[in-house]
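Descriptive analysis of the structure
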Amino acid sequence: MQNFTFTRAGSAEQAVRLAAASPTAQQGAQVRFIAGGTTLTDLMKLGVEHPSQVVDINRLPLMDVTDTAEGGLRIGALVRNSDLAWHPRVTSEYPVLSQALLSGASAQLRNMATTGGNLLQRTRCMYFRDNLSACNKREPGSGCAAIEGTNRNLAVFGTSEHCIASNPSDMNVALTTLQAQIHIQGSTGERTVPISDFFLLPGNTPHVETVLNPGDLITAVTLPAPVKNAHSAYLKLRDRASYEFALASAAIVLKIEDGRVADVRISLGGVGTKPWRATEAEQVLLGRPATAASWQLAAEAAVRDAKPQSENGFKVELAKRCVAHCLTTVALTAQTA
Ligand code: SF4
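Scoring rules and cut-offs
Residues numbered from 1 in each chain as written. Predicted model: local features only at pLDDT ≥ 70, side-chain atom pairs only at ≥ 80, totals over all residues. Heavy atoms only, no water. Helix = DSSP H or I, 4+ residues; strand = E, 2+ residues; numbered from the N terminus. Rg over C-alpha atoms; globule rule 2.2 N^0.38 Å. Buried < 20%, exposed > 50% of the residue type's maximum accessible area, 1.4 Å probe, protein only. Areas by Shrake-Rupley, 256 points an atom, 1.4 Å probe, with all protein chains shown as cover. Lys, Arg positive; Asp, Glu negative; His and termini not counted. Charge placed at Lys NZ, Arg CZ, Asp CG, Glu CD. Expected span 1.5 Å × (residues − 1). Contact = heavy atoms within 4.5 Å. Salt bridge = Lys/Arg side-chain N within 4 Å of Asp/Glu carboxyl O. Near = heavy atom within 4 Å. Nonpolar A, V, L, I, M, F, W, Y, C, P; charged D, E, K, R; others polar. Pairing = 2+ DSSP bridges. pLDDT = per-residue confidence, 0-100. Phe/Tyr/Trp six-rings, centres within 6.5 Å; stacked < 30°, edge-to-face > 60°. Core = buried A, V, L, I, M, F, W, Y, C linked by side-chain atoms within 4.5 Å. Axes fitted to C-alpha atoms, helices over the stretch in contact; angles between N-to-C directions. Polar contact = N/O pair within 3.5 Å; in protein donor to acceptor, adjacent residues only side chain to side chain. Arc of directions from axis to C-beta.

Quick look at the overall build of the protein chain now. In terms of helices and strands, the protein chain carries twelve helices and twelve strands. Relative to the 2.2 N^0.38 estimate, which gives 20 Å for 337 residues, the radius of gyration of the protein chain is 20 Å and therefore close to what a compact globule would have. Buried residues in the protein chain amount to 51% of all 337 residues. Of the roughly 15100 Å² of accessible surface on the protein chain, 51% is carried by carbon and sulfur atoms. Taken as two groups, the 31 positive and 29 negative side-chain charges of the protein chain have centres that lie 3 Å from each other.

So this is what it looks like as structure tokens:
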């Protein structure tokens, strides 16, 4: 690990000022905020991340979950994943988020990992974490070892000829279905970005993963009020039952009225270069009877545009079954509520 300067911020404004004042701020990638550190310290030890300055934000007042005036929820960026997963309003009104959080990592990691950090979780592509391999995300212009190499766990949606890495976060999939808003403090002020616009496709710049500018700090995430009379669930399919990343997952909010789908939102995890909203599947379902045949049609629509790699064609069928099964589960909950 290379040497770095360590500073501690007392406010969001100060954290952004400290990052902007760094001699290497113009390169952006050289300044990192640290909170739980569950991703950053790992990658620093591997030599994948090598910031010259680390700004500790753990003392910032961003640890609260509060109600919004519109009936939603404002989640401070430093709220730990465990605290969020077990928050009474999250378990009762946003169960898809609670289930997604509890399906990720281990209890110890969830106790440390934060909402802001989870949003910025880096890919688990093995070549990204290996300094000896070609990786456009880690070292722009060096190539992509995964395309001709081991790509079983990687993406089938949103890929480019420069990167096929999947987004590993479970929380991000649920937040996408819940249409979260990301609040950002930058050197020029505050702004809010819908999660649908927050993550970028790899294109020919896979190292640029979000709309964050160098030195920008995520301060909070807000959720709109829950859809009245809707139900939700998260289903994660993986190689083993715990402490494992998704091969395919689905986060679904479903509202059934008079036996038909009145509202639905579906996002997929483990299969996209970013959390993948399955809008075609949603369109297929709106107004249809709440039946197994409809769930199957939606599942097929959800994977229609998949582009599998040499080793991960199985993910297309897996994602399809994941969507159909999750819809069945949520519908059963709705019908028995
Ligand atoms: Fe790097 Fe992306 Fe290729 Fe993996 S898939 S080696 S992260 S460029």
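Here we come to helix α12 (residues 314–336). The α-helix winds at 3.6 residues per turn, so residues separated by three or four positions along the chain end up facing the same way. Under the 1.5 Å per step criterion, the end-to-end length of α12 is 33 Å for 23 residues, consistent within 8% with the ideal 33 Å. Here α12 has its buried residues at Lys315, Val316, Ala319, Lys320, Cys322, Val323, Ala324, Cys326, Leu327, Val330 and Ala331. The inward-facing, buried residues of α12 contact β9 (231–237), β10 (248–257), β11 (260–269), α10 (279–285) and α11 (292–302).

Moving on to the side chain of Lys255. Positionally, Lys255 belongs in strand β10. Among the residues examined, Lys255 registers a relative accessible area of 16% and is labelled buried.

Now for the pattern of salt bridges. Inspection of every chain in the model, using the stated rule, returns 18 salt bridges. In this structure, Arg138 engages Glu139 in a salt bridge whose closest nitrogen and oxygen atoms are separated by 4.0 Å. The shortest N-O distance in the salt bridge between Glu317 and Lys320 comes to 3.4 Å. Highlighted residues: Glu317 and Lys320, both in helix α12, separated by three residues, approximately one helical turn.

Taken together, 14 residues form the shell around the ligand, and within it Cys125, Cys135, Cys144, Cys163 and Ile164 come nearest. Looking at the shell around the ligand residue by residue, the classes come out as eleven nonpolar, two polar and one charged.

What follows covers the pairing of strand β2 (residues 31–34). Across four bridges, the pairing between β2 and strand β3 (residues 53–56) is parallel. Directly across from Phe33, in β3, lies its bridge partner Val55.

Per-residue pLDDT for the protein chain averages 96, and the proportion of residues at 70 or more is 97%. Note on residues 25–29: pLDDT under 50 across the span, and five contacts to partners over four residues away in sequence or across chains.

For the coordinates displayed, the defined rule picks out two aromatic pairs. When the centroid spacing of 5.0 Å and the interplanar angle of 85° are considered together, the rings of Phe198 and Phe199 count as edge-to-face.

Counting residues in each nonpolar core, the largest one holds 46 residues, and the members touching the most others are Leu60, Leu97, Leu119, Leu175 and Leu223. For Leu97, the residues in contact, after removing those within four places along its chain, are Ile75, Leu84, Val90, Met171, Ala174, Leu175, Leu178 and Leu223. Grouped together as the second largest cluster of nonpolar side chains are 34 residues, Ile266, Leu268, Ala319 and Ala324 included.

Read across the open sheet, the three strands follow the order β1-β3-β2; overall the sheet is parallel. Edge positions in the sheet fall to β1 (5–8) and β2, since each of these pairs with one other strand and no more. Each neighbouring strand pair of the sheet contributes to a mean axis angle of 25°, computed without reference to strand direction.

Within the open sheet, the four strands sit side by side as β9-β10-β11-β12. Their pairing is antiparallel. Both outer strands of the open sheet, β9 and β12 (276–277), are each paired with one neighbouring strand and no more. Both β10 and β11 contribute to a ladder of nine bridges, which runs antiparallel. From the neighbouring strand, Ser249 faces β11, where its bridge partner is Gly269. Along the sheet face, α12 touches β9, β10 and β11 and points at about 35° away from the line of β10.

Once that is clear, we can look at the side chain of Gln53. Within the secondary structure layout, Gln53 lies in strand β3. In this structure the side chain of Gln53 is engaged in a polar contact, spanning 3.4 Å, whose partner is the side chain of Thr7.

Attention shifts here to unusual backbone geometry. If you check the backbone angles, Ala105 has positive phi at about 50° while not being a glycine. You can see Ala105 is positioned in the loop between α5 (95–102) and α6 (107–112). Despite not being glycine, Tyr243 has its phi angle at roughly 50°, a positive value. Of note, Tyr243 is situated in the loop between β9 and β10. On the basis of relative accessibility, which here comes to 48%, the residue Tyr243 falls in the partly exposed class.

Here we take up helix α1 (residues 12–21). Looking only at α1, the buried set comprises Ala12, Ala15, Val16 and Ala19. The buried side chains of α1 occupy one side of the element, clustering within an arc of 95° when seen end-on. Turned more than 90 degrees away from the buried face of α1 sit Arg17 and Ala21, all of them exposed. At its buried positions, α1 is contacted by β2, β3, β6 (181–186) and β8 (217–223).

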